[in-house]
Each structure stands twice: as structure tokens, then as C-alpha cells.
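Coordinates in review
Each chain is listed here by its residues.
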Amino acid sequence: MALKSISGKNVRRSKSFKDFNVSFARNIFTDDVSSVTNENSIKQSIKNLILTVPGEKPFSPLVGSRVYELLFEPLDPFTIDSIHEEIINTITNHEERVELINVDVTPIYENNKIHVTVEYQVIGVPILEAITFVLQKPE
Amino acid sequence: MQPNNLTALDFEDIKDSIKSYLRTRTEFTDYDFEGSALSYLIDTLAYNTYYTSFNANMALNEAFLPSASVRDNIVKVAKLLNYTPDSIICSKACLKLRVQTQTVGGFYPSSVTLPRGPVATGGNYIWNVLQDTNTEVDPSTGIAEFDNLEVYEGSLIEYNYLVNTFAKQKYIIQSEDADISTLSVRVKPNETSTSSDLYSRVDNITNLESTTRVYFISESDDMRYQIRFGDDSIGRSVKDGEVIVLRYMVTAGKEANGVQTFAFVGLITDSNQTSYAPSVVDVTVKSKSVLGDDAEPVESIKYYAPRYYSAQYRAVTAQDYEVITKNIYANAAAVVAFGGDSLNPPVYGKVYLVVKTKTGTNLNDQTKKSLSSQLRSYGMASIEVVITDPDNIYINPKIYVNYDTGCGSNTSQIKSDISKSILDWGTQSKINNFNASFSTQQFERAIELSNKCITDVTTQITILKYINPNTNQTNTYCISTGSPIYNSAPSQDGSDGECKKEPVILSGPFRTADRPGIDQYFEDDGYGNLRTFYNTGNRKVYTNNAAGTVNYSTGEICFGPINIIGTGAQTPADADISVTDATTGAGVVVNVDNLPTGLSIPVQIIPSNSSIIPATTPGTIINVISPEISVSPIGTVFPSAIPLNSLTPSVFNVIPDLLDVPNIDNSGSINTSACFT
């Protein structure tokens, strides 16, 4: 049986990721700001990207997604489809640490909510991760 | 690790600097990912740094005159140099009003009064007089005339401040369109008082005492001018309860220039208290509206503030006189000053000032006197200021060009290209101005480069100067070309006593008092003498072989003594002269009073070295006459570069059109009327 030769190009390296928590909570053990690591750090990053409006980051007008804006559109299959596209584009373009597996956007018409599930794999880590969150207009 | 890039002004550079710092730390690793919370924090920090450095950069730029861009900041820096920018200036016109007064008890009134305020409308503007004006009535005809009445465009505003020394009062002129040259500042002791003291404007504190009634003016925010009074040590201060009365014009500036028709709307009252309706007043427009101008632009403030400061309100060096003259006389287009010691022969204790006006006309005696007395207050005690007219040298180039007929351009195209190219050359060589010299080589080069089809260029250069004789006075008039004059036959020495050389100097026509009936001319004989002659139609008849002298090496030409009574087209009328011999023109002047004035004789001269025509004195302006251009196909023989026997001064009896070199200065306002000084 012929084995496929594996070069350095085929192996994507991973490293540990460490970010601070956007809630700025206090770590009671270190008495410092609490931090998030690895998959949690990536999860926080994906959420940040999706909830950032383009233009919000100074001098980086392309970073972010139009999801926030689309929430004010009528809740119909077209809007759902746009949100779906936006999430895929945003993660593909701006979060290079993950490989996107699936994005599932489900409308909940009764409460004007959207249920979003993003499935991805951290590059170099053979585990499927998923974030689930609900999008709704601020009340 | 220390931050490594402290001078970065770009957002991305600042962000990279923070990231490179974080790379050396192990606490957080997500700084490179756009979505991370750390990235958002870095953005905030970088944005803050960027904002601060931008602010610091802008603030520091605005603190210096050359880099500031906001007018208020430029004015504030200029204020430290005690420079007050010029405000907007009213357009003014010159009118003559004529009214027939009515008798009371059989007698005409002694005088009529035109009160200050609006007197006329014209071109959608209102025109005012600034002061009550009186004039006497002719007791026999009852006609009163306001002659040379200057009217100013705008609205006459009166604004009062009640002085309260407990409050921090600022006395500000409440309009950005106020003409401060029309500002009058008076101070009344209280609100009900009818008498007031007139305060005068000063720029510096020399000669001020504690009771001197003066005010200082400076531009403050938003182009409003602020008035300050003294402090009882230098100039009198204003006291509690006093009322400051500011009267000034608010104007549309140069938009109101060029109005030619006016309708009288004022109210004239005579000494018998009879008023006259506007319809009975005759209005004659003596000068259309001129001299209105915008407020001084920021570029001008930036240029003049440091230069004015360097003169320190004192005229010591020649350049000081130039800067101060431009500042106090708006009609000066260019000024040149030089000490009398640099003249030949030297004149000590005098500084000579030559003013080229924007109109091109020479200053009249009254303006010269007033300018000279204004300058005396700046100058050193023993120095006398002499204002002279510019010495104009006119260069008359004739251009001959050969062109390649197969190259694709026709003669009219080549001519227009040459004209354009000459204009460019004129702009670059500062021709028609002081401190210029004429270089034929550069001139020919400019022509050669104007069109690729031109194969050869040659020019005939002659110099034209004007003699301005005084009518019916016997005088000797000297002019100088400042450079040697051409010698047409160097081998001849005049030893045979008969044979004269080909003339290189020829004048335009003039009439003398002893031959008023015929046009005479003068030319040189090649041996240093001028000869006058007239033409009979087929030959020259010489009337005087020693009519003046020529110095060929210095270019000095002296014509006279001679009594001139007419030049060019300005000849005496037949009734004013009595001609006894029609052929020779001999006769006498009958009526001296009717002889023409303002005479000028053109004199055309061939220079020895036509490649460079230098300025004779620092006050010489080299003017270039619009050239005659001949374009001919390649192979055509050019005429000689020395135009012997083809001088035509008579075509220049009036000053010809000069090269219209575009003005690169601020055009400013132009005074074309004798009404205004």
C-alpha cells in the first residue's frame, strides 16, 4: 500500500491561546483579571466578531458582521439566509484559527429570535466545537 | 522591553508597536487575532495614542506662523509681532453734486450742508459720506457745488459701549465686514453729553503720554477687530460711565467696484434751513467706484507680518522703506529704494524711492508729498525721502523666424506659439518690473523652443525712451540708455568734416517755437552731436547741426537747449501759431496759453551690445513692447540684426502695448482716478 507522503505543508500547527475575559471578572485566586484560554478564547473571539458592526473597530472598516443590522430587518427566510451568509463570511475571513464545519440559523417566529449554532474545528485539534447563542433585538 | 517606536504617527504603526511589546510578554497571546478581546483593547490604546499625537501635531503647527492654517491662529501669532491685518476696504466713487438754491428775502443762502450718511444708490449698493460736508453758494447764481465728493459703499454704523471698569470689557467691532480705515473712535464723558473727544489710532507706544487720547487696534477672533485704550501711563484710559462711540462702514468690499451710475438720495439743507429734494440735485460721476478690496488673506499676513516686524516701524535700510511704503500705500505694485550715495555723482542724506503703481501711471506731486511726509516719521532724523518716477526703458524686439515647411505647422500656428512662449519668458524673467535685465539670448531661446518647426531665429533689438518736454520752455533734456550705443562706422573719424555716419538715434516728430509750422526730428551724426531736421517729402533739411550731444560709450543723450511746443499728434492749433514760411515752417507762437501739454518725444536707439540690455539705475523698469513677428520658410535671408536706416520712432508717439505679463502678486485695488490720492 502506497503511503501518502506528508510534508511540513500538510501539518498545521496549533498553539495555546490566551485572552482576557470580556466580562472583566476578577479571578479570585490571582486577584487579577480573569482570562480565557484555547477553545474558550476562540469561542469568545467568534462571538466578538459576529457582534461587531463593520466600522466599529477604528481604521479597520471591514472587520465585523452585518448581523446586528440584519436583526432589524423583517424576520423572513431572506433575512435568515443573509445572517447565515454573514456569519460564514465573517468567521472565514477573520478567524483563521478555526475551520468552519456548519452554521445553523433557526428563526423562532413567536419571540422574534434567531437561534444560531456554529460548529467548527480548531485547527490542529481533532475535536468538533460548537457555540450556540440566541440573537434578538435589544429590549 | 521598552516601547520601540515613539515617533509613529500612523494608527497601524502605533498598533504594531503595542503588539511588538506584547510579543515579549507571556500573559496574553491573542493580540494577533482581530476578534480577540485583547485586539479590541489594543485598538483602544492605539486610537488614544493616535488621537493625542495628532492633536499635539496640529496644536504645535498652529503655534507657528509658517505652518498655521486657521486664520484666528495666524492672526494671533502676527499680533505678537504687532501686525494688524488689513480689513475689508470700502469701494469709493467720486461724484460732483450741483444744486440750485432758493432765495429767502431776495438773497441766496451762504452755504449748503450735506449730512453724513447715505447720499446715493448705485449698482444695488448704498453710498455714503462719512462726515458732514459744507460748501459755499455762489451769491450771484445761487448754485452750490460739491466737487470731488468721495462716497463710500456700505452702511455707516454707530456702535456705543458704556464703560464699566469693574467688568472685564472688550471693545469689539461687531462685524467682520467693517472697514477699519473708516473707523472713528470718540469718547463722551457720559451718555447725555453732546461733546466728545476724538481718539486717534497708534501702532506703537513711542511719543505717548498719560493723557494722550489714542487707541490700539488688533484683529481678534472671527475677523472682528478689538479696540484697546491706554492705562493712564501710556495713553489715557477710559473711565467708568464714559461712552465709547465707534463709527465705521460695514461694506461689501470689492464686489461694489465698477459701479458707474448713481442716483442721489441724500438731503441737502442750506443755511436758511431750506431742504432740497433729491430730484433737484444734479449728479455727475467723476469716477466710477474703485479701490474696494477684501480683507487681507492669510498668505499675505504670513508674508508681511515678519517682514513688517523686522523693519521695527523704523526705516533704516533700503528694504525697510520698501516694506513700509507697500504697507502705507495700497496702490504700490512694486517699490524700490536706494541710498543717494549709490548714485553717480553721490547724493548724501537722501534715500530715493521709486514707486511703480498698479495703474501704471506716475504718482502726482500731491501723493508724492504725502507719501514722503508719512515716511519721514519712520526714517532717521537727517534722512530725506525723495520719491521719483520709474525710469522706463522700452525694448522693441522684431523677431524673424525661418521654419521647416514640411514639419506640419503653419505660420499662424507658429506665430501664436511664439507669442505664448514669449509670455512665459516674460513671467519667468520678471520683465516689466524693477531689477530686471533683458537678455536677447534667453529671449531667442524661448522663441526657438516654442515650436519644433522653427529652424532659425534672429532678432532686431532697439531701445525706445521718451523725452517729456515742458511746453514752451527752453530746456536741455537728457536721457540715458545705461549701456553703450552702436557705432555705425568705426573706421571713420570725421576728419574730412563732411561725411557723417549712419544715424543710430532717431526721434519722433516735434514742433519747436521757432518753426511751429513743421514737424522736426533729431538724429545723431555719429560724432557725438544731435542734428534736427525736417522732411520736405524727398529730402532731409537739417535745421541745427548742434542740437545736442551724445556720449556713445555711456549712452547719455542730451537734447537741447530747445523750446518744444508740440509732439506727435499734439500739435498746436493753426489759430495759435503764425507761420510765415510754409516750406520751412518758420513762424511764431501767437497764443501761448493754448499750447498742448503732457508732451512726449519717442527716441529710438540702436544699442551697441544688443545681447544684454541692463537697467540704468535701481529705479529703471525694463519694458518689452509686444513684438512684431515675421515667419518665413527656411532659406529666406534674414535682415541685418542692426536695423540701420530702418528706425521708426514715429509709430511710438504714444506708449505702445507692452507684453501683458500675468501678475503673480495679489492684484489688490487699482486707483485710476485723479480724484483719489
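Concerning the interface of chain A and chain B
Counting residues at the interface gives 22 residues for chain A, matched by 19 residues for chain B. Where chain A abuts chain B, roughly 1800 Å² becomes buried across the two surfaces, and 60% of that area is made up of carbon and sulfur atoms. Connecting chain A to chain B are three salt bridges. In this structure, R97 of chain A and D30 of chain B form a salt bridge, with 3.1 Å as the shortest nitrogen-oxygen distance. The tally of links from chain A across to chain B stands at 11 residue pairs in polar contact (both at pLDDT 80 or more). For the side of chain A that touches chain B, the element with the most residues is helix α1 (residues 38–51) of chain A, which contributes five residues. Broken down by class, the residue content of the side of chain A that touches chain B amounts to eight nonpolar, eight polar and six charged.

Things to note about the environment of D86 of chain B
Residues and elements named next belong to chain B. Position of D86 among the secondary structure elements: in the loop between α3 (71–80) and β1 (92–100). For the pair formed by D86 and I180, sequence separation is 94 residues and the distance between their alpha carbons is 8.0 Å. Ignoring anything within four residues of it in the chain, the contact list for D86 reads Y225, A295 and E296.

Examining the environment of L49 of chain A
In this structure, L49 of chain A sits in helix α1. Residue L49 of chain A is classed as buried on the basis of its relative accessible area, which comes to 0%. For the pair L49 of chain A and H94 of chain A, spaced 45 residues apart in the sequence, the C-alpha separation amounts to 7.8 Å. Once residues within four sequence positions are removed from consideration, L49 of chain A is found in contact with V63, G64, S65, T90, H94 and E95 of chain A together with E34, G35 and Y40 of chain B.

Section: the state of the cysteines
Residues and elements named next belong to chain B. Tallying each qualifying case throughout the model produces two disulfides over all chains. Each disulfide pairs two cysteine sulfurs, and for C407 the partner residue is C453, the sulfurs being separated by 2.1 Å. The chirality of the disulfide connecting C407 with C453 is left-handed, given an S-S dihedral of about -75°. Of this pair, C407 sits in the loop between β21 (391–403) and α7 (411–428) while C453 sits in the loop between α8 (440–448) and β23 (454–467); the two residues are 46 residues apart in sequence, bridging distant segments of the chain. C407 sits in the partly exposed class, given a relative accessible area of 24%. Residue pairing for C478: its cysteine sulfur links by disulfide to C558, the two sulfurs lying 1.9 Å apart. When the S-S torsion is 110°, as for the bridge of C478 with C558, the disulfide is right-handed.

A closer look at the confidence of the model for chain B
Residues and elements named next belong to chain B. Mean pLDDT for chain B: 87, with 96% of residues reaching 70 or above. In the model, residues 663–672 has pLDDT below 50 throughout and makes 21 contacts with residues more than four positions away in sequence or in other chains. For this predicted complex, the interface confidence comes out at an ipTM of 0.83, alongside a pTM of 0.58.

Some words on a nonpolar patch on the surface
On the surface, F59 of chain A together with Y47 and Y51 of chain B cluster together into a nonpolar patch covering about 330 Å² of accessible area. Here F59 of chain A shows up in the loop between α1 and α2 (67–70). You can call F59 of chain A partly exposed: its relative accessible area is 43%.

Notes on empty space enclosed by the protein
All names here are of chain B. One pass over the full model with this rule turns up two cavities of 30 Å³ or more. Surrounding the largest cavity, N396, K398, Q460, T462, Q604, P643, S646, L647 and T648 form its lining. Among the secondary structure elements, those contributing two or more residues to the lining of the largest cavity are β21 and β23. Partitioned by chemical class, the residues of the lining of the largest cavity number two nonpolar, six polar and one charged. Its volume calculated, the second largest cavity comes out at about 40 Å³. For the second largest cavity, the full set of lining residues is R71, S87, I88, E176, A178, E219, M223, Y225 and A295. Of the residues assigned to the lining of the second largest cavity, the class counts are five nonpolar, one polar and three charged.

Details of the sheet that holds strand β6 (residues 113–122) of chain A
All names here are of chain A. The strand order across the open sheet formed by three strands is β5-β6-β7, and the pairing between neighbours is antiparallel. Of all strands in the sheet, those with a lone pairing partner are β5 (98–108) and β7 (128–136), marking the two edges. For this sheet, the mean angle separating the axes of adjacent strands, direction not counted, is 15°. In terms of strand pairing, β6 meets β7 through nine bridges, oriented antiparallel. By the bridge assignment for β7, E119 is matched with A130.

The rules behind the values
Residues numbered from 1 in each chain as written. Chains lettered and ligands numbered in written order. Predicted model: local features only at pLDDT ≥ 70, side-chain atom pairs only at ≥ 80, totals over all residues. Heavy atoms only, no water. Contact = heavy atoms within 4.5 Å. Buried area = accessible area lost by both parts, 1.4 Å probe. Salt bridge = Lys/Arg side-chain N within 4 Å of Asp/Glu carboxyl O. Polar contact = N/O pair within 3.5 Å; in protein donor to acceptor, adjacent residues only side chain to side chain. Helix = DSSP H or I, 4+ residues; strand = E, 2+ residues; numbered from the N terminus. Nonpolar A, V, L, I, M, F, W, Y, C, P; charged D, E, K, R; others polar. Buried < 20%, exposed > 50% of the residue type's maximum accessible area, 1.4 Å probe, protein only. Disulfide = S-S within 2.5 Å. pLDDT = per-residue confidence, 0-100. Patch = residues over 30% accessible without salt bridge, like charges linked within 9 Å, V, L, I, M, F, W, Y side chains within 5 Å. Areas by Shrake-Rupley, 256 points an atom, 1.4 Å probe, with all protein chains shown as cover. 1 Å grid on protein atoms, 1.4 Å probe; cavity = no way out; pocket = protein on both sides within 12 Å on 5 of 7 lines; lining within 4 Å. Points joined across faces, edges and corners; volume = space filled by probe spheres on them. Pairing = 2+ DSSP bridges. Axes fitted to C-alpha atoms, helices over the stretch in contact; angles between N-to-C directions.

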